[in-house]
Amino acid sequence: MNKTKGFTILITLLVIIMFSEIAWVSSSRNTSKTDIMVRQSFTHLVGLPDLSFYISSTSERHRAISNIGNSLGIAQLNRETGFSGLVYSKGQR
Amino acid sequence: MNIKLFEYALLSLTRRRTKHLFIFTILTLLLSISLSIFTISNSIRQEAEYSVNNLPDITVQKQIGGRQQYLDEALIDDIIVIPGVLSATPRVWGYYNFEYLNTNLTIIGLDPFDPDMSKTLTKITNEIDTSYIINEKSIIIGEQLHKIIKEIYNKDEFSFQTPSGDYITLPITSTFESASNMLSTDIVLTNLSSASSILGIETGLATDIAINVSNPQELSTITEKIENMSPSFKVITKDQIIAYYQNMFDYKAGIFLLFFLSSLFTFFMIVFDKLSGLTNEETKEIAILKSVGWETRNVLQVKIYESVIIAFTAFILSICLSIFYVYFLQAPGLQNIFMGYSYLKPHFELTYKFDLNLLITVFFVTIPLYIAAVVIPAWKAAITDPGEVMR
């Protein structure tokens, strides 16, 4: 039964480490309410979507908003296949 | 659970430790990498979702021949009278190529007479006298950009070259709070007239119009009314942007999911290949066990215990490793895949999001398959006549 005992201790240790890590990151790496408020106020003021990453073609901020679906291969100019077609169907209007 | 069989399974694993250690290491690495990728993706997605609800309800832009054009500010008068429209604000914004960093800065002009502006500016910036930006020509930029400008020019000002070739030098009044780094690193805020001069936009024209409505239920009706004003108007609602973001993140995570599934498939092929050709020694062991009275059920039980021990330990260990890699080490290498390699990259710490669905999905996609890949070849060996195997 020595092996079983050793394995139980190993698994218990791993589970304790896992929960300690989760507890630590959820207490120290959670966004505070003040930070969320700052971010929301910022977006409210500038009114632009996306994060400020510059990832060449995949950065949406560096496109015209009306071309937002382009990187997914959605032609915005065509209303039937355009991105708005995904959200508002003719029937709903 | 049969403790004696469990002990036997552990002993069996120890006996063939090299083979099992190899499988354990590969499985742990595979699970750790996939968990790390999905955790980073979730964390960045959460950052984007915090603020997306604060976007204007409707954004109107003008497109002619598939190219964006500036709008006449007078259009506001037609939009504001549409029943249900709460506010309509012309916006002046655009991109300024900062060649030194080979990056685009986003220049945004603020309306000095917007009553909301001063209050919001105070919340998002470090020590600012809001009257300064209203009366004087100045800029507010992100901390990271400020640091870079200081390093390059050793000045608290920045010179913009206008499309006509002239230079406009504006002092840096303040920087954004570091909490907004993820959103503000490439943003340059200034007043409307300065923004228009930098971007070469004539007076009376706007990049787009931001509209807020009083009742979200009327959004589609208002959208349709604006669209009917001119075929050149492109009307984008907040819902469309939010839906787009969900698609975009799913698309990015989907690419990694594809890699993950390919790696997983390869892994199970290796496992199946390694275990289906049970060695002579293993086949003989199963035959001996059966001849001394073990039933097929017992043999399978041992094999299930063996695979559960490996899979479960690898799963727990990979959760620990992925948390350590993503949150303690800040995901070196993988973070750049999501964030790009620009010089002007925001400094921030990935925020934690416990995603039980992710853990459950990864668990059920990998563990049962692994157990099946181990048990099926063992079952084949166990149903073979022991006498025949011994001969």
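Let me begin by describing the structure that accompanies this report. Residue positions are counted from 1 within each chain, in the order its sequence is given. The order in which chains are written sets their letters, starting at A; the order in which ligands are written sets their numbers, starting at 1. With pLDDT at 70 or above as the cut-off, local features in this predicted model cover only qualifying residues; side-chain atom pairs require 80 or more to be listed or tallied, and sums for whole chains, interfaces and linings still use all residues. To obtain the side-chain values, all non-hydrogen atoms of the structure were used and water was disregarded.

So, on to the overall build of chain B. By definition, any uninterrupted DSSP run of H or I lasting at least four residues is a helix, any uninterrupted run of E lasting at least two residues is a strand, and each is numbered from the N terminus. Within chain B one finds 15 helices and twelve strands. The buried label applies to any residue whose accessible area, calculated with a 1.4 Å probe on protein chains only, is under 20% of its type's maximum; exposed applies above 50%, and partly exposed to all values in between. Looking at chain B as a whole, 53% of its 391 residues qualify as buried. By sequence separation, contacts in chain B at least 24 residues apart represent 79% of the contacts at least 6 residues apart. Whether two residues are in contact is decided by their heavy atoms: any pair within 4.5 Å suffices.

Okay, helix H6 (residues 143–153) of chain B next. All names here are of chain B. Listed as buried for H6 are Gln144, Leu145, Ile148 and Ile149. Looking straight down H6, one finds its buried side chains confined to an arc of 130°; they lie on one side. Positioned one or two residues after H6, Asn154 has a phi angle of 55°, which is positive. Along the arc lie the directions from the helix axis toward the C-beta atoms.

Take the pairing of strand E8 (residues 167–175) of chain B next. All names here are of chain B. Two strands are said to pair when DSSP picks up at least two bridges between them. Pairing analysis gives three bridges linking strand E6 (residues 139–141) to E8, with the strands arranged parallel. Counted as the bridge partner of Ile140 is Ser174 from E8. Taking the residues that link successive antiparallel strands as the turn, the strand E7 (residues 157–161)-E8 hairpin has five residues, and the phi of Gly165 there is positive, at about 105°.

We now examine a nonpolar patch on the surface. Residues Trp24 of chain A together with Phe324, Phe328 and Leu329 of chain B make up a contiguous nonpolar surface patch of about 370 Å² in total accessible area. Trp24 of chain A sits in the partly exposed class, given a relative accessible area of 38%. Each patch is built from salt-bridge-free residues with over 30% relative accessible area, joining like charges within 9 Å and nonpolar side chains (Val, Leu, Ile, Met, Phe, Trp, Tyr) within 5 Å. Using a 1.4 Å probe, the Shrake-Rupley method yields the accessible areas, and only the shown protein chains count as cover for residues. Definition used for salt bridges: Asp or Glu carboxyl oxygen within 4 Å of a side-chain nitrogen of Lys or Arg.

What follows covers the pairing of strand E1 (residues 58–64) of chain B. Residue and element names in this part refer to chain B. Counting buried positions along E1 yields five of seven residues, so the element is predominantly enclosed. Sheet topology places E1 next to strand E11 (residues 208–213); three bridges connect them, and they run antiparallel. Residue pairing for E11: Ile58 is matched across the bridge by Ile211. Of the strand pairs in this sheet, E1 and strand E2 (residues 67–69) are connected by three bridges, and their pairing is antiparallel. Within E2, the position partnered with Gln63 by the bridge is Gln68. Connecting the antiparallel pair E1 and E2 is a turn made up of two residues, with Gly65 showing a positive phi of about 60°.

Our focus in this paragraph is unusual backbone geometry. A positive phi is found at Gln330 of chain B, a non-glycine position, where the angle reads about 60°. When its relative accessible area of 17% is taken as the criterion, Gln330 of chain B is described as buried.

By convention a nonpolar core is built from buried Ala, Val, Leu, Ile, Met, Phe, Trp, Tyr and Cys residues, the set being connected through side-chain atoms within 4.5 Å. By size, the foremost hydrophobic cluster in this structure holds 69 residues, and its most contacted members are Ile40, Phe267, Ile319, Tyr327, Leu350 and Tyr370 of chain B. A total of 15 residues in this core trace back to one element, the largest contributor, which is helix H12 (residues 296–328) of chain B. Look past the residues within four positions of Ile319 of chain B in its chain and what remains in contact with it is Met18 and Glu21 of chain A together with Leu35 and Leu359 of chain B. The next biggest cluster of nonpolar side chains, apart from the first, holds 21 residues, and it includes Val92, Ile139, Ile148 and Ile198 of chain B.

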